[in-house]
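A structural walkthrough
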Amino acid sequence: MSDRSEHSISRRTALSGLIGGAGALAFRSDGQDSDGQGQNVERPEDTTRVPGEPARPIGQRSPFETPHRIVSTSPGGVSRSPLQDFRGIITPSDLHYERHHAGIPAIDPSRYSLLIHGMVERPTVFTLDDLKRFPSVSRVHFLECSGNGSPGLRGAPPANRTPQEIDGLVSTSEWTGVPLATLFNEVGVRANASWFLAEGMDAGAMGRSIPLEKGWDDALIAYGQNGEAIRPEQGYPARLLVPGYEGSANVKWIRRMELSDQPFMTRNETSKYTDPLKGERTRMFSLVMDAKSLITYPSFPVRLNERGWHGITGVAWSGRGRIARVEISVDRGETWRDALLQEPILSKCFTRFQLMWQWQGETTVLMSRATDETGYVQPTAAALREARGVGTRYHYNHIRAWTVSQDGTVEFGVRV
Ligand SMILES: Nc1nc2c(c(=O)[nH]1)N[C@H]1C(S)=C(S)[C@@H](COP(=O)(O)O)O[C@H]1N2
Ligand SMILES: [Mo]
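The notes below deal with the structure included here. Here the structure is a predicted model, which is why all the values come from computation and not from measurement.

**Here's the deal with the packing of aromatic side chains**
How two aromatic rings sit relative to each other is given by the distance of their centres and the angle of their planes. If you walk through the whole model with that rule in mind, you get 8 aromatic pairs. Where F184 meets W216, the ring centres are 5.1 Å apart and the plane angle is 70°; that geometry is what we call edge-to-face. Within this pair, whereas F184 is found in helix 4 (residues 180–187), its partner W216 is found in helix 5 (residues 212–217), the two being separated by 32 residues in sequence. With a relative accessible area of 0%, F184 lands in the buried category. Among the residues examined, W216 registers a relative accessible area of 37% and is labelled partly exposed. Both rings, one in W317 and one in F350, keep their centres 5.2 Å apart while their planes meet at 55°; by these two values the pair is tilted.

Structure follows, in structure tokens:
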């Protein structure tokens, strides 16, 4: 079969697929009736051919696609993932969010080592090669900064916020590394150990105490990200990955782990990463990220140009396990409908959801509400404020809203 006939067959298949879709969904792009069977669909004259470029050793995006992180210039620095530009659940590594307290250290992997000591039988220093000699695992997990997503909790947030600006401190990668359980068996954990300290190599002196059970359960020392070496921004050559735990516990450039019978009360778990609650109380070691969801389309600054069917989509995630359900309201939260969850549905991972919505040109509010497999339901902003008090910091997982106006503009928050 020649290239030419192959081309025309696939072209025909694509066209019939398109017409089928148009009939079913009543798209109207040329002003004719939705049941017009697409008479105006014609095969364009293929008189020109696009000349090819030579192949490159490293691929790059189409020049027509320009997703980028918003990088803040503040000292520590954050870079936000453009959630509105993604398909599926994986965040391209070069668009993963970043948060570092003292910049990105350049670490020579030949000089890297990880010390595990404290309440262990055999204190051990592992080189990177040592770590890579153990059987590896690869798992797809989200990572989220616990400071992500405060807009909308206290008063009305600005309307001109994109998904990236609201919730861009969350991303998903396939992480590869050695399970901490393997390393624990190697060093021999003493019976009275119940916590471990994880400490990074950067100048930020990031140290966090993690319950030992988490180490036995599903924590990794990760050296791979989306099929290649982990990026410097994500902790090259190795980081701790504690799936479902707040971002700051996932210590990058990890150099030391110390086992103990109590938490270490580091600066980043006492003065920071604690949540002021009502009644002058404070929540500490609030490590697990609660279930959350965000509609990424339609969202600001999208403008709906046509009435009719639109595919609402977004992502949901939970630090406790799988997403069980995502409901969408297209009427300000009065009624809710189950969205379709796109496979795969993985534990402690983004799950993409979709719902077809017929917009009749009305002003309305779109919301999404996630439920995870433990039965936990994403709360309203009012319920979160009521439970935590107004001074709460971190863990802002309240329901997000988008207002669609008659002119098709989409703004963040409830505007009507
Ligand atoms: N060593 C070290 N680990 C660190 C940090 C840091 O500054 N230094 N930042 C933490 C914070 S606050 C977050 S949210 C995550 C961010 O991980 P990422 O930059 O790979 O997205 O890393 C955590 N681990
Ligand atoms: Mo963070």
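**Considering the sheet that holds strand 8 (residues 195–200)**
The strand order across the open sheet formed by 5 strands is 5-4-13-8-9, and the pairing between neighbours is mixed. The sheet terminates laterally at strand 5 (124–127) and strand 9 (207–211), the two strands that pair on one side only. Strand-to-strand twist of the sheet, defined as the mean angle between neighbouring strand axes without regard to direction, takes the value 20°. Bridge count for strand 8 against strand 9 is 5 bridges, and the pairing is antiparallel. Looking across to strand 9, one finds that F196 is bridged to I210. The strands touched by helix 4 are strand 4 (113–118), strand 5, strand 8 and strand 13 (254–260); relative to strand 5, the strand with the most contacts, the crossing angle is about 135°.

**Thoughts on the nonpolar core**
If you look at the biggest cluster of nonpolar residues, it comprises 35 residues, and the most contacted ones within it are L183, F196, I221 and L240. The dominant element in this core, judged by the number of residues it contributes, is helix 4, at 4 residues. Discounting chain neighbours no more than four positions away, the residues touching I221 are L114, L131, T176, G177, V178, L180, L183, A238, R239, L240, I254 and M257. With 34 residues, the next largest nonpolar core counts V170, I312, L355 and W357 among its residues.

**Remarks on the layout of surface pockets**
Each pocket or cavity is described by its volume, and for the second largest pocket that value is around 250 Å³. What lines the second largest pocket is a set of 16 residues, and nearest its centre among them are G152, A381, I399, A401 and V414. Among the residues making up the lining of the second largest pocket, the classes are represented as 10 nonpolar, 5 polar and 1 charged. Each of domain 1 (70–283) and domain 2 (292–412) gives at least three residues to the lining of the second largest pocket.

**Some remarks on the site of ligand 1**
As a structural note, the neighbourhood of ligand 1 is formed by 21 residues, with Y97, H101, D202, R239 and K252 the closest of them. Judged by the fraction of its atoms near the pocket grid, ligand 1 is located in the largest cavity. Tallied by class, the residues present in the shell around ligand 1 amount to 7 nonpolar, 8 polar and 6 charged.

**Observations concerning the pairing of strand 21 (residues 351–359)**
Judged from the 9 bridges that link them, strand 17 (residues 308–317) and strand 21 form a sheet pairing that is antiparallel. Across the sheet, the residue bridging to W309 is Q358, located in strand 21. In the sheet, strand 20 (residues 340–341) pairs with strand 21 via 2 bridges, with the strands oriented antiparallel. Bridge assignment links L341 to a residue of strand 21, and that residue is F353.

**Quick word on empty space enclosed by the protein**
The tally for this structure, following the rule as stated, stands at 3 cavities of 30 Å³ or more. What lines the largest cavity is a set of 22 residues, and nearest its centre among them are R99, R239, G247, S248 and K252. In terms of residue class, the lining of the largest cavity is made up of 7 nonpolar, 9 polar and 6 charged. The volume enclosed by the second largest cavity comes to roughly 50 Å³. Together, E144, S146, N148, M289, D290, K292, H395, Y396 and N397 line the second largest cavity. Class assignment of the residues belonging to the lining of the second largest cavity gives a composition of 2 nonpolar, 4 polar and 3 charged.

**Describing the sheet that holds strand 16 (residues 292–297)**
In space, the 4 strands of this open sheet follow the order 16-17-21-20, with antiparallel pairing throughout. Of all the strands in the sheet, just strand 16 and strand 20 have a single pairing partner and so form its edges.

**Quick notes on the pattern of salt bridges**
If charged atoms from side chains of opposite charge come close, those side chains can pair. Inspection of the entire model under this criterion finds 21 salt bridges. For R208, the salt bridge identified is with E246, shortest N-O distance 3.0 Å. Remark: E246 occurs in the loop between strand 12 (239–241) and strand 13 and R208 occurs in strand 9; sequence separation between them is 38 residues. The pair formed by R208 and E246 is uniform in burial state, with each residue classed as buried. Here the residues in one salt-bridge network are E144, D167, K292 and R400, joined through shared partners.

**Some details on helix 4**
Inspection of helix 4 places L180, A181, L183, F184 and V187 among the buried residues, and these make up the whole buried set. Projected down its long axis, helix 4 carries its buried residues within an arc of 160°, all on one side. Note on helix 4: the residue one or two positions beyond its end, G188, has a positive phi of about 75°.

Reading guide: rules and limits
- Residues numbered from 1 in each chain as written.
- Chains lettered and ligands numbered in written order.
- Predicted model: local features only at pLDDT ≥ 70, side-chain atom pairs only at ≥ 80, totals over all residues.
- Heavy atoms only, no water.
- Phe/Tyr/Trp six-rings, centres within 6.5 Å; stacked < 30°, edge-to-face > 60°.
- Helix = DSSP H or I, 4+ residues; strand = E, 2+ residues; numbered from the N terminus.
- Buried < 20%, exposed > 50% of the residue type's maximum accessible area, 1.4 Å probe, protein only.
- Pairing = 2+ DSSP bridges.
- Axes fitted to C-alpha atoms, helices over the stretch in contact; angles between N-to-C directions.
- Contact = heavy atoms within 4.5 Å.
- Core = buried A, V, L, I, M, F, W, Y, C linked by side-chain atoms within 4.5 Å.
- 1 Å grid on protein atoms, 1.4 Å probe; cavity = no way out; pocket = protein on both sides within 12 Å on 5 of 7 lines; lining within 4 Å.
- Points joined across faces, edges and corners; volume = space filled by probe spheres on them.
- Nonpolar A, V, L, I, M, F, W, Y, C, P; charged D, E, K, R; others polar.
- Domains from an automatic or database assignment.
- Near = heavy atom within 4 Å.
- Sits in = over half its atoms within 2 Å of the grid points.
- Salt bridge = Lys/Arg side-chain N within 4 Å of Asp/Glu carboxyl O.
- Arc of directions from axis to C-beta.

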